[in-house]
Amino acid sequence: MTSPETPMASSTPTEPATDAVPNFAAPPRDFPIQRGCPFAPPAEYDALRNHDPVARVTLPTKKEAWVVARYDDVRELLSDPRVSADIRRPNFPALGEGEQEAGARFRPFIRTDAPEHTKYRRMLLPVFTVRRVRAMRPAVQARVDEIVDGMLAAGGPVDFVSAYANAVSTSVICELLGIPRDNLEFFRDVTRISGSRHSTAEQVAEALGGLFGLLGELIAERREEPRDDLISQLVTDHLVPGNVTMEQLLSTLGITINAGRETTTSMIALSTLLLLDKPELLAELRSDPSLMPAAVDEFLRVLSVADSIPLRVAAEDIELSGRTIPADDGVIALLAGANHDPEQFDDPQRVDFHRTDNHHVAFGYGVHQCVGQHLARLELEVALETLIRRVPTLRIEGERDEVAVKHDSATFGLEELMVTW
Ligand code: HEM
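Structural notes, computed from the coordinates.

Conventions and cut-offs
- Residues numbered from 1 in each chain as written.
- Predicted model: local features only at pLDDT ≥ 70, side-chain atom pairs only at ≥ 80, totals over all residues.
- Heavy atoms only, no water.
- Axes fitted to C-alpha atoms, helices over the stretch in contact; angles between N-to-C directions.
- Helix = DSSP H or I, 4+ residues; strand = E, 2+ residues; numbered from the N terminus.
- Parallel < 35°, antiparallel > 145°, perpendicular 65-115°, else oblique.
- Contact = heavy atoms within 4.5 Å.
- Nonpolar A, V, L, I, M, F, W, Y, C, P; charged D, E, K, R; others polar.
- Donors = N, O, S within 2.8 Å, 3.2 Å for Na, K, Ca; no water.
- Buried < 20%, exposed > 50% of the residue type's maximum accessible area, 1.4 Å probe, protein only.
- Arc of directions from axis to C-beta.
- Expected span 1.5 Å × (residues − 1).
- Near = heavy atom within 4 Å.
- Polar contact = N/O pair within 3.5 Å; in protein donor to acceptor, adjacent residues only side chain to side chain.

A few words now on the packing of helix α7 (residues 160–177) against helix α8 (residues 184–195). Two elements in contact, α7 and α8, have axes whose closest approach is 9 Å; the angle formed by their N-to-C orientations is 90°. When the interaxial angle is binned, α7 and α8 end up roughly perpendicular. Packed against α7, whose contacting residues are Val161, Ser162, Asn166, Ala167, Thr170, Ser171 and Cys174, the element α8 presents Leu184, Glu185, Phe187 and Arg188 at the interface. Across the contact of α7 with α8, the residue classes break down as five nonpolar, four polar and two charged.

Turning next to the coordination of the iron atom of the ligand. A lone protein donor binds the iron atom of the ligand: Cys370 (SG), at 2.3 Å. The topology assignment puts Cys370 in the loop between α14 (335–339) and α15 (373–390).

Helical geometry note: an α-helix holds 3.6 residues per turn, so side chains three or four residues apart project in the same direction. All buried positions along helix α12 (residues 279–287) are accounted for by Leu281, Leu282 and Leu285. Buried residues in α12, looked at end-on, bunch into an arc of 100°, giving them a common side. Among the exposed residues of α12, those pointing more than 90 degrees away from its buried face are Pro279, Glu280 and Ser287. Along its buried surface, α12 packs onto α11 (246–277), α13 (292–303) and α15.

To continue, consider α8. Given a rise of 1.5 Å per residue, twelve residues ought to cover 16 Å, and the 17 Å separating the end C-alpha atoms of α8 matches this to within 8%. By the burial criterion, the buried members of α8 are Phe187, Arg188, Val190, Thr191 and Ser194. Seen from one end, α8 has its buried residues packed into an arc of 160°, which puts them on one side. Residues of α8 that are buried sit in contact with β6 (158–159), α7, α9 (201–224), α11 and β13 (413–416).

With that settled, the discussion passes to the site of the ligand. With respect to spatial proximity, 29 residues lie near the ligand, and among them His117, Arg121, Arg312, His368 and Cys370 are the closest. At 2.6 Å, a side-chain N or O of Arg121 approaches an oxygen atom of the ligand. Those elements that provide at least two residues to the shell around the ligand are α4 (116–124), α11 and α15. With six residues, the single largest contributor to the shell around the ligand is α11. Of the residues contributing to the shell around the ligand, the split by class is 18 nonpolar, eight polar and three charged.

No statement about biological role is implied by the geometric values presented.
Okay, structure coming up:
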C-alpha cells in the first residue's frame, strides 16, 4: 500500500474562505478535502458552513453523497433514528472501495444498526466505564514510563510516531485485551492497510485475516485458561454461553483495536507537534499541569482527527438547514466542521485550555459515540504529561516543513515526525 506524503504547511491556520460557494445546482465538489494546516479543518469547511451547510459531494469511489458541516446539524443528524450506519446499504459513503466490501463481509459493529449494534456495544461498555478506566491509570503510566525509558536509552533522533505515539496507543490496547506486546508495528500495519482509502477489499481482508489469526489463537488459549483481560472476559461471558459466534467476537475485537489505535496515535503525535510549534502553550501546561484534562479536550476539538469517520445513510428523507437529504442517500457528519463552528465555539481556531462548555464532538455523537473515549482521554493525559516532564528538551529533528502528514487514511494524522532531545 502506498500512502502519499504531503509536506506540511505552516502551523498558522488558514484564513476562513470568503469566496462564494457553488449553489445547489452546481456540480458536487470532490471529497475528502485536504487540510492546509494540520491543526485546523480544510478552509473550505468555513465556506460550507456559511453557504452550503448540507452539500453534495463526489467521493473517491465516484459515488455521490452529502456532507454536513454545522455543529447543530451534525448533532441532529447523528442522533436521528432515521439514519443508518449499515455499511451494506448501496449508497453507504465509504471513502474507499475496499472499506465497503470488507466491511460488508466482516460487519464491524460500528457499521451496523440496532439491534445488532446495541448487542455488541453492550458487550464492551462495562470495560470502558469511567471507574474501570480510572483504575487503569497506574498500568497506563507504567507502560508509558517503560516506553520513555526505552526511547531515552536508545537515544535520538527517532520517529516519534512510531517510537512513542504508536507504542503508547498499541501497548495500552494490547494490555487491555491481553495481547502480547512484542510486535507493535504489526498492529500499525493492520490499521494502516484497513483504514487506507487506497486499499482494495483483498488487501483489507488479508490485513484483517492476519489480525483475526492472532486473536483466534488467543481466544482458544483463554477458553482453556482465562486470565484477567478483556479477551478472557468476552470469551467467558459471551462466547462460551453462545451469545456470540467466533466470527462476531473476532470482528468486535478487531474494530476495538482498529478504532482505538490509529485515532489515539494520531492525537498523541499531533498534540505534541502543536505543543512544539506553540511554546506558549507548552509553558502554560508546564507551569500548571492541572490544566492537562482541559488541554486534552481542547486538542481533541481543535485537531478533530476522526473528522469523516461517522458515515451514514438516510433511511428516510431528512431535512437539515432547510435542505432535504433524500432517503437512501449517503451522508457524512464532518466532526471537524462542527468542532470549528463559530456559532458554537468562540474563535474556534484558538487553542484555549480555559474554554468553558467545551462540548465538542471529536468522539462523535448519538448511539455510535466512541465507547473508548474515557480510555482515550486517559492515554492522552498520561502520554503528554509524561513526555513534557521527562523529555523537556524534545525538539523536531530536521526541517519543520518536511514533517509528512497522512491524508489518505480514515483518521487524519502524521506519517512520521523525526525528533530528538
Ligand atoms: C482520541 C482517540 C479517539 C477518537 C478521536 C475516537 C473517535 C471515535 C468516533 C468519532 C467514533 C464514532 C464513529 C461513528 O459515529 O460512526 C468512535 C467510535 C468508536 N470508538 Fe473511538 N475514538 C478514539 C479512541 C478510541 C479508543 C481508545 C477505543 C477503544 C479502545 C475506541 C473504540 C471505539 C469503538 C469500538 C467505536 C464504535 C462505537 C459504536 O459504533 O457504537 N476509540 N470513535
